[in-house]
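So you can see what is in the structure, the chains are spelled out below.
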4 protein chains.
Amino acid sequence: MSVESGSADRLFITGGTLVSGEGRMLADVLCEAGRITAILAPGHADALGVTAGQVIDATGRYVIPGGVDVHTHMEVPFGDTTSSDTFTTGTIAAAWGGTTTIVDFSCQRKGEDLRDSLETWHAKAAGHCAIDYGFHQIIGDVDETSLAAMRHLVDHEGITSFKLFMAYPDVYYSDDGQILRAMQTAGDLGAMVMMHAENGIAIDVLIAQSLARGDTAPRFHSLTRPSILEGEATHRAIALAKVAGNVPLYIVHMSASEALAEVAEARHDGFNVFAETCPQYLYLSLEEHLSQPGFEGAKWVASPPLRSHHEHHHRDLWRGLKLNELAVVSTDHCPFCLRDQKEAGLNDFSAIPNGIGGVEHRMELMYQGVVDGHISLERWVETCCTTPAKLFGLYPTKGTLSVGSDADIVIWDPVGRTRIGIDHKHHMNMDYSAYEGMDLSGRVETVISRGQIIIDNDQFLGRVGHGHYLPRTLSNYLY
Amino acid sequence: MSVESGSADRLFITGGTLVSGEGRMLADVLCEAGRITAILAPGHADALGVTAGQVIDATGRYVIPGGVDVHTHMEVPFGDTTSSDTFTTGTIAAAWGGTTTIVDFSCQRKGEDLRDSLETWHAKAAGHCAIDYGFHQIIGDVDETSLAAMRHLVDHEGITSFKLFMAYPDVYYSDDGQILRAMQTAGDLGAMVMMHAENGIAIDVLIAQSLARGDTAPRFHSLTRPSILEGEATHRAIALAKVAGNVPLYIVHMSASEALAEVAEARHDGFNVFAETCPQYLYLSLEEHLSQPGFEGAKWVASPPLRSHHEHHHRDLWRGLKLNELAVVSTDHCPFCLRDQKEAGLNDFSAIPNGIGGVEHRMELMYQGVVDGHISLERWVETCCTTPAKLFGLYPTKGTLSVGSDADIVIWDPVGRTRIGIDHKHHMNMDYSAYEGMDLSGRVETVISRGQIIIDNDQFLGRVGHGHYLPRTLSNYLY
Amino acid sequence: MSVESGSADRLFITGGTLVSGEGRMLADVLCEAGRITAILAPGHADALGVTAGQVIDATGRYVIPGGVDVHTHMEVPFGDTTSSDTFTTGTIAAAWGGTTTIVDFSCQRKGEDLRDSLETWHAKAAGHCAIDYGFHQIIGDVDETSLAAMRHLVDHEGITSFKLFMAYPDVYYSDDGQILRAMQTAGDLGAMVMMHAENGIAIDVLIAQSLARGDTAPRFHSLTRPSILEGEATHRAIALAKVAGNVPLYIVHMSASEALAEVAEARHDGFNVFAETCPQYLYLSLEEHLSQPGFEGAKWVASPPLRSHHEHHHRDLWRGLKLNELAVVSTDHCPFCLRDQKEAGLNDFSAIPNGIGGVEHRMELMYQGVVDGHISLERWVETCCTTPAKLFGLYPTKGTLSVGSDADIVIWDPVGRTRIGIDHKHHMNMDYSAYEGMDLSGRVETVISRGQIIIDNDQFLGRVGHGHYLPRTLSNYLY
Amino acid sequence: MSVESGSADRLFITGGTLVSGEGRMLADVLCEAGRITAILAPGHADALGVTAGQVIDATGRYVIPGGVDVHTHMEVPFGDTTSSDTFTTGTIAAAWGGTTTIVDFSCQRKGEDLRDSLETWHAKAAGHCAIDYGFHQIIGDVDETSLAAMRHLVDHEGITSFKLFMAYPDVYYSDDGQILRAMQTAGDLGAMVMMHAENGIAIDVLIAQSLARGDTAPRFHSLTRPSILEGEATHRAIALAKVAGNVPLYIVHMSASEALAEVAEARHDGFNVFAETCPQYLYLSLEEHLSQPGFEGAKWVASPPLRSHHEHHHRDLWRGLKLNELAVVSTDHCPFCLRDQKEAGLNDFSAIPNGIGGVEHRMELMYQGVVDGHISLERWVETCCTTPAKLFGLYPTKGTLSVGSDADIVIWDPVGRTRIGIDHKHHMNMDYSAYEGMDLSGRVETVISRGQIIIDNDQFLGRVGHGHYLPRTLSNYLY
């Protein structure tokens, strides 16, 4: 390969092993004007006389699509505070971890105007992102106005997925009638319904009883959100989606075996039900993390909660990922600092802002799952890059190394190591790491966004404002 | 057997085949002072020198315990009207059909005082019944006061079962938090929770949409209450009972395969879940009854609704009965006349008073199930007499032919026939029969309540006021 | 109650609590000429002037039907030896434990004549039994002759159940074609097929491999008979019974969760499938018993084998018993002495005679299950007395306290205790006890067979030869 | 794109839509020396100055990997005859249908030497094939010798999959012990076990009974092979694979819902179980085909048999394909002429040679499934090309359009039509077509094998002997 000035905007990645959800191949990748323009057998570039302005030697490396994290919450209000990563800090952290696309949430709270919320979120993100981003829309107040707005968002705003909550009364909660109506509307539009599936009405009774008993420590956050009630809500959401006419349904942040069983059964019966899980539900537990002494456990207060390792949630979720009963791994990145933020719940776990930050570590943590034998290398790419792009209308622009696709590419060193921790790799705006001290196989070496190298050799080379808004099409491959 | 004046209060039933849930035996029954005092091998009464004032020859007949119908609604308000049977007309009709015990419902509506409701229902029934009766308590407003009243009813009023509704917002509906709290209280008390399991919140959306479309005829009552939503609510009720600590749960009037599957699975997993069905859900259907031309279908508007015969609800429910996945057959007797009452919904199916009258025909309809091969003779007695008595704290006073038990006895002619219809056998206060024209195998010949013959040879020989209130103990045999 | 010479053959049991599968009642029992002739409310015997020659005061005691053990092997050949209990020693031991009926097996081995085998077994038993007995027929060689003999046995010999083996090639094994043919014939006759469900062909490979590896100790008996292969054979037997036309099928001596799941599923789907377990599969385990040091484990070599307590077989089987997924508890009593008999396999577990003796302790061990909360008192009677009698055509002669039934009765002291062990209660002809050292709640106080007291106050009062052969009718209550 | 002499061996496919299991992209494909060397964004070839000797305009066409049919039987003996396609006629027919790779079976019958059989099959195929081919090995006689030969075939012959039969006693049948041993050996080698899962022992009883009754017509072939017995054998094969240590298992030619349910459950539980179905089980039925008058039905005698359309096998198999419960579509191509061959069973269905020919129509029939909405376009490619190559060690040489892969490519006209029938498209050596008269959407336009155009514009341009033997690696992607 010769490097010539005449093809200065060409980037050539040579010598690597391309990995897709389908398989692996030794191949070179040519990018031009931000897109992938050729996949070439090794050595053929020279034979064809192809030249490039910039060449990356990926010998011994995996070359994969940039990660697509379809569940993040930057700058989201929670009670009196706001999640600690801005779209700037959060997208830079994402880039550090090999994620080149996020889909965040525009949030309508009860009583607010849905279209206003989208404007607000556009204002938060526009010009501030280091990587590309899109939005799902949370509907916190299903009524005639918000149902009408759904159509507008699909038709004109590139927003084709809508999240509802079966928890959080007074904030985002929809009752079953509201859920049914939103599902019917989504079905008409071909849009995807995303569901936070926990029975918040019953949970709030358990919380009140726990606090009344004086059980206020962080671990009671999990004990008052039993996995049965995640399974219940998942079953109910599926039933409502059936009544609405087999509307596509996507269960977010699944943490519990009971919920997985419901999704697996519905899929087996032919219904369009999908689910994601997050690394925290695959690695962390009630006993080892949420129950740490004093207030430490607050670091891991998120909903759904970390589950007991005496039950088989980790094992079942890994198996579900392998079998495509779980389709996607996202982070539900929602960071809060321990100091000043989490501390709002020092004497009352229910006042602790809910969320775990992890947008930086998803690709790394899941690669460890490959090394540990839980999933294949191909499935790692599929669940972290390709399927999320497909399910949310970003494919083939994102999530794949295909000609014509955006040149969002990660060069992955399979034998490098990544040590996570506040004093090690940690670029999220948090005063602790949820994965402190983990020493993982594999390492992000180079990250490319639309043909631009934004991370290389432990340096951030990107630019705030580089990230564009991504209007999304309908979910294109339901099965 | 000699008939002597010296044993005038003795009643002797000779020559019959006694049937219990366990089996059959040729035996004679001696009753005294309203109770069964001896079971004797045929011929042994003479050998022992036993005498009686009254002798019934039951040769060629089955001798069974009086029927126990644990789900009736006499004189119950519904909208602006009241179910058409009084405790007098309803209990006389029950007696005609071989039922000697009913358990009706004291009803607390939202905003009413629970203990007041019980007084009201005592006033309706006391002195007006032809057979013995008890009460379950409906809790329409779960709060601190009603939860406290539950304890009072269990400890002092002989009421050990509490019914909640997942349907009928604004009248009886409890949300999942209220259900959980009532279940916790029932668990503490050892009481049974009964559940109307339909997702009323979602159903109300479907009803409003149906009416808005102009689909107002009676059959839309069924189409807006899909069986999926009965299955959903059943699953949810079971989940909440698990969270409350495996509290005994009894699903009333099950109509749908989906709901049965949930109960069967929970039972298989070892949970204390029970269910009843009713004859209407075993014999009648959306197409043949609810869809009759004009307003005729209104006769069969009840909730849950009659289901489509294109699905397998009938088959599955019969099988569930055989296998004890369904434990009990009750009637949910809630009669309304077509004229003036059902007609309230002439232009709006949702305004039709909900209910089907059948207290008179349960034993007859279920005996037909024996003849048709759906269940055994023993299972007929078990589901219609013994198990309802056991589950609701009436056993062994009721529901069994044991010495010491009340002499509530039916002499059943297995080769007689019963023709149901407004011009045939029909003693309920209704201007139509839900089972009009059915010609059934078997016939109630003689009915005895506490040793008194109240039906014999097609004559009512009983007495209004003979029926006593039955305080009930806790459910004594959970498995 | 007066005791008068004029009614010398009358036995009167007073003051006890009668327990059936249905429930309990305080009642007196009058027996005459070996049968139960009256059940009387307490005190009514005097009122009626009933007299008896013999009176038992059962105050504070349970009065239950004599136990029915439908799976024993007295004097059965196994390899070069014979099980150590004769019909005399075995039936006396049974009597000591409250069992008043056994159903043993007439055994046709491959190459033998089926009807000859029955003569042989009649010769072993006739005149030598202390309690009543019947026979199932093992068919070890399914062919035209044996299929024809099945009809003869049903029509003329009172044998209505036939046992087949999916294990033990060269002795009893039937291939799937033979099983299908025998099932078809049984279906025509209305007879019950009993199945030893283990995949013996695969097991024999595992045994040979284990021995070849030098793994010859008793515990390898279990490790070479994995529970998966019991589940497999159970599934296959059910499939063949479906193909044969839903022929009634009874899985003997179930030991494994996998097998239970198959039976439960088939029953739920409406098929006529039943199963029994044995106390050894509820109390004993691979680790605690079969793996005892040296050759001790040989005491517990039986097929199917004891299972690992790390799996959930005990829990699942108890639950299955509670829910009637398991219908019967038998013993599979097949005793061998450790010395000289079990020792045949000192260097080769596969040469150890298969069997555990327990006919004496079934009622005692299962009553402990009542005390431990696994099953109800009623279910104890149902699974140990009533259902076995029903399923095998002995009801209502046996298995129930009904008038007209044989006066086979046990007086059970609920607060007494039973200590099992070679130096304690042990009347079986074995040089060890499989339940050595167990100290159980409850105690057999008095045992009555056809009106004769055969055990009382720790004395055997019966008579060898008292026991009669019981021709059996068809299974009378399939559900 | 310029066509230049200097790059004469280059083939360039331009303007098409490449379809993989992952998705679609507009891209051009460059092939050189029989392999794919570049995938280029449209228009970029010119920009890069790429030239080619041969250019195909695929505008408006799908460009897909050549089909991989992993289940064919050319020239296979059956009774006294041999399947009617030679490796020459069969591979030419395959090419006509867009299939560029077959994996046929070397067959060891009982009593034959396994390695001899492989030589025999090599002799049949070598030099006679129009497309590339590999072999699985059938083991008809599991013993020490054949187990040892398995290792040789894996290590030295490129044969990594072994087929066993649970049917056909005296020919190919293995008993459960033999199956277990072969599975253990396969597990050690990392090889795949393929299973014909029907309970042939029970089936042979049903066949004998049917013939004895005079039920000899072709449709009794299906009635004597009930789907329950396919489900049973599938369950058993899975159980044995579990006992052997979760050995990879591949169920061939699945026809029945019961079998699918077993596979789905095992997969859900995490076991390495896979299955294929064939077009005949998705389109044809007992009633419409096998039951045609006279002897016509013989055309469709294959094992497993066509199933009743009154059951839901078609629906369930399509759904299983969609959900990856079924991984592969093969043909089980095993053609016999009606005249002289099938006619061997004129008076005895069991003498009819078993087999349906379809190697020519798999891609066409399955594309119709895309048009009919059963599966996606991507899933069509995945089940017919990519997954079979992966599961049988041919990927990425075959089954994918990746650089470095063999240039086996089909140009598919999505709007063309294909009419199947003896007078239309029919190149198999059969005197009838199993799919006679079907008029399908889509059409094979051009077929390329290792860069050579072998079918184009309804002409066969290939060459007998072009096809090479494909030694295969181990199955590379178990999940």
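Scroll up a little and you will see the structure.
Along each chain, residues carry numbers from 1 onward, in the same order as the chain's sequence is written. For naming, the first written chain is A and the first written ligand is 1, with later ones following in the order written. Note on the predicted model: pLDDT of at least 70 is required for a residue's local features to be given, and 80 or more for side-chain atom pairs to be given and counted; whole-chain, interface and lining totals, by contrast, use all residues. Hydrogens are left out, water is left out, and the side-chain values use all remaining heavy atoms of the structure.

Visitor: How would you explain the sheet that holds strand β16 (residues 192-196) of chain C if you had to name every residue and give the values?
Guide: Residues and elements named next belong to chain C. One open sheet accounts for eight strands, arranged β10-β13-β14-β15-β16-β17-β18-β19; its pairing is parallel. Among the strands making up the open sheet, the edge pair consists of β10 (67-72) and β19 (328-329). We treat two strands as partners when DSSP finds at least two bridges between them. Strands are runs of DSSP state E lasting at least two residues, helices are runs of H or I lasting at least four, and both sets are numbered from the N terminus onward. Judged from the three bridges that link them, strand β17 (residues 249-251) and strand β18 (residues 273-277) form a sheet pairing that is parallel. Bridging across to β18, Leu 249 finds its partner in Val 273. Two residues form a contact once any of their heavy atoms are found within 4.5 Å. Axes here refer to lines fitted to C-alpha atoms; in helices the fit is confined to the stretch in contact. Angles between the N-to-C directions go from 0 to 180 degrees. Packed on one face of the sheet, helix α5 (residues 176-189) meets β15 (161-165), β16 and β17 and runs near 155 degrees to β16.

Visitor: So what's going on with the interface of chain C and chain B? Which residues, and what values?
Guide: Contact with chain C, which involves 41 residues of that partner, is made by 41 residues of chain B. With both chains or domains summed, chain C and chain B bury close to 3200 Å², and 54% of this area falls on carbon and sulfur atoms. Think of a salt bridge as a Lys or Arg side-chain nitrogen and an Asp or Glu carboxyl oxygen that are within 4 Å of each other. One can count zero salt bridges joining chain C with chain B. Whenever a nitrogen or oxygen atom comes within 3.5 Å of another N or O atom, the pair is scored as a polar contact, on the condition that within protein one atom can donate a hydrogen and the other can accept it, and that pairs from neighbouring residues in sequence are kept only if both atoms are in side chains. Taken together, the links from chain C to chain B amount to 13 residue pairs in polar contact (both at pLDDT 80 or more). Counting only elements with at least two residues in the side of chain C that touches chain B, the list comes to β4 (24-26), β5 (28-32), β6 (35-40), α1 (44-48), α9 (257-268), α12 (313-323) and α14 (377-391) of chain C. In terms of residues, the side of chain C that touches chain B owes the most to one element, β6(C), which gives five residues. In this classification, Asp, Glu, Lys and Arg are treated as charged, Ala, Val, Leu, Ile, Met, Phe, Trp, Tyr, Cys and Pro as nonpolar, and every other residue, Gly included, as polar. Here the residues of the side of chain C that touches chain B are counted per class, giving 19 nonpolar, 11 polar and 11 charged. Inspection of the sheet shows strand β6 (residues 35-40) of chain B paired to β6(C) by three bridges, in the antiparallel sense. Considered in β6(C), the bridge of B:Leu40 is made with C:Ala38. By buried area we mean the combined loss of accessible area, with a 1.4 Å probe, across both parts when two parts are placed together.

Visitor: How would you summarise the relation of the copies chain A and chain D if you had to cite specific residues and measurements?
Guide: Here the second copy of the chain follows from the first by a rotation about an axis and a shift along it. Alignment of the copies relies on least squares applied to C-alpha atoms, considering only residues that score at least 70 for pLDDT in both. Between chain A and chain D, the superposition needs a rotation of 180 degrees and an axial shift of 0.0 Å, giving an RMSD of 0.0 Å. Here the copies are linked by what is in effect a two-fold axis. Residue A:Ile39, judged by its C-alpha, is the member of chain A lying nearest the rotation axis, at 2.5 Å. By residue overlap, the copies meet face to face through one surface: 100% of the interface positions of chain A are interface positions in chain D.

Visitor: Residue-level account of the nonpolar core, with values.
Guide: The nonpolar core is taken to be a set of buried Ala, Val, Leu, Ile, Met, Phe, Trp, Tyr and Cys residues, with the residues joined through side-chain atoms within 4.5 Å. Only protein chains enter the accessibility calculation, which uses a 1.4 Å probe; a residue is then buried when its area is under 20% of its type maximum, exposed when over 50%, and partly exposed in between. Counting 272 residues, the largest nonpolar core has C:Met195, C:Tyr250, C:Trp380, D:Met195, D:Tyr250 and D:Trp380 as its most contacted members. Contacts of D:Trp380, omitting those with residues within four sequence positions, involve D:Ile64, D:Met363, D:Met366, D:Tyr367, D:Val370, D:Ile375 and D:Trp412. A:Ala94, A:Leu153, A:Ala241 and B:Trp121 belong to the second largest nonpolar core, which has 271 residues in total.

Visitor: So, the side chain of A:Gln341: which residues are in play, and what are the values?
Guide: All names here are of chain A. Position of Gln 341 among the secondary structure elements: in the loop between β19 (328-329) and α13 (362-371). Of the polar contacts made by the side chain of Gln 341, one reaches the backbone nitrogen of Cys 337; its length is 2.6 Å. Gln 341 has contacts with Thr 81, Thr 82, Ser 84, Pro 335, Phe 336 and Pro 353, leaving out every residue within four places of it along the chain.

Visitor: Let's hear about the arrangement of the chains: which residues, and what values?
Guide: For chain A and chain C, which are not in contact, the least C-alpha distance works out to 15 Å. What separates chain B from chain D at the closest point of their C-alpha atoms is a distance of 15 Å, and the two make no contact.

Visitor: Could you give an account of the environment of D:His71, naming the residues involved and the relevant values?
Guide: All names here are of chain D. Examined against the element boundaries, His 71 turns out to sit in strand β10 (residues 67-72). Residue His 71 is classed as buried on the basis of its relative accessible area of 0%. For the pair formed by His 71 and Leu 365, sequence separation is 294 residues and the distance between their alpha carbons is 16 Å. Sequence-distant contacts of His 71, that is, excluding residues within four places in its chain, are made with Val 103, Phe 105, Lys 163, Val 252, His 253, Glu 276, Ser 330, Thr 331, Asp 332 and His 333. Here the side chain of His 71 touches Glu 276 through a polar contact of 2.7 Å, side chain to side chain.

Visitor: So what about the packing of helix α5 (residues 176-189) of chain A against helix α6 (residues 200-213) of chain B? Which residues, and what values?
Guide: Remark: α5(A) packs on α6(B), axes separated minimally by 7 Å, with the N-to-C direction vectors making an angle of 50 degrees. Here α6(B) runs oblique to α5(A), going by the angle between their axes. The two elements α5(A) and α6(B) cross, and the hand of that crossing is right-handed. On α6(B), the residues touching A:Asp176, A:Gly177, A:Leu180, A:Arg181 and A:Gln184 of α5(A) are B:Ile201, B:Ala202, B:Val205, B:Leu206 and B:Gln209. A class-by-class count of the residues in the contact of α5(A) with α6(B) yields five nonpolar, three polar and two charged. Any angle that is under 35 degrees is reported as roughly parallel, and any over 145 degrees as roughly antiparallel; angles of 65 to 115 degrees are reported as roughly perpendicular and all others as oblique. Crossing handedness follows the turn of the near helix against the far one: under a right angle anticlockwise gives a left-handed crossing, and clockwise gives a right-handed one.

Visitor: Now, about the sheet that holds strand β10 (residues 67-72) of chain B: what can you tell me, with residues and values included?
Guide: Residues and elements named next belong to chain B. Here eight strands make up an open sheet; going across it, the order is β10-β13-β14-β15-β16-β17-β18-β19 and the pairing parallel. On the outer flanks of this sheet lie β10 and β19 (328-329), each paired with one strand and no other. Here five bridges tie strand β15 (residues 161-165) to strand β16 (residues 192-196), and the two strands are oriented parallel to one another. In the sheet register, Ser 161 faces β16, and the bridge partner there is Met 192. The sheet strands contacting helix α2 (residues 87-96) are β13 (99-107) and β14 (132-138), and the helix crosses β13 at an angle near 145 degrees. Relative to the sheet, helix α3 (residues 114-125) contacts β13 and β14, its axis offset from that of β14 by approximately 155 degrees.

Visitor: Let's hear about the side chain of A:His196: which residues, and what values?
Guide: All names here are of chain A. Here His 196 shows up in strand β16 (residues 192-196). For His 196, a relative accessible area of 1% translates into the label buried. At a separation of 3.0 Å, a polar atom in the side chain of His 196 contacts the side chain of Glu 198. For His 196, the residues in contact, after removing those within four places along its chain, are Lys 163, Leu 164, Phe 165, Met 166, Ala 167, Tyr 168, Val 252, His 253, Ser 303 and Pro 304.

Visitor: Could you give an account of the pattern of salt bridges, with specific residues and numbers?
Guide: Enumeration over the complete set of coordinates arrives at 96 salt bridges over all chains. Between A:Lys299 and A:Glu296 there is a salt bridge, with its nearest N and O atoms 2.8 Å apart. Residue A:Glu296 is classed as partly exposed on the basis of its relative accessible area, which comes to 31%. A salt bridge links B:Arg379 to B:Glu382; its shortest N-O distance comes to 2.7 Å. Linking B:Arg379 with B:Glu382, this pair stays in helix α14 (residues 377-391), spanning three residues, or about one helical turn. On the basis of relative accessibility, which here comes to 6%, the residue B:Arg379 falls in the buried class. According to the relative accessible area criterion, B:Glu382 is partly exposed, its value standing at 26%. Taken together, the shared-partner salt bridges in this structure form one network comprising A:Asp176, A:Glu232, A:Arg236, B:Asp176, B:Glu232 and B:Arg236.

None of the figures reported here should be taken as evidence of function without further support.
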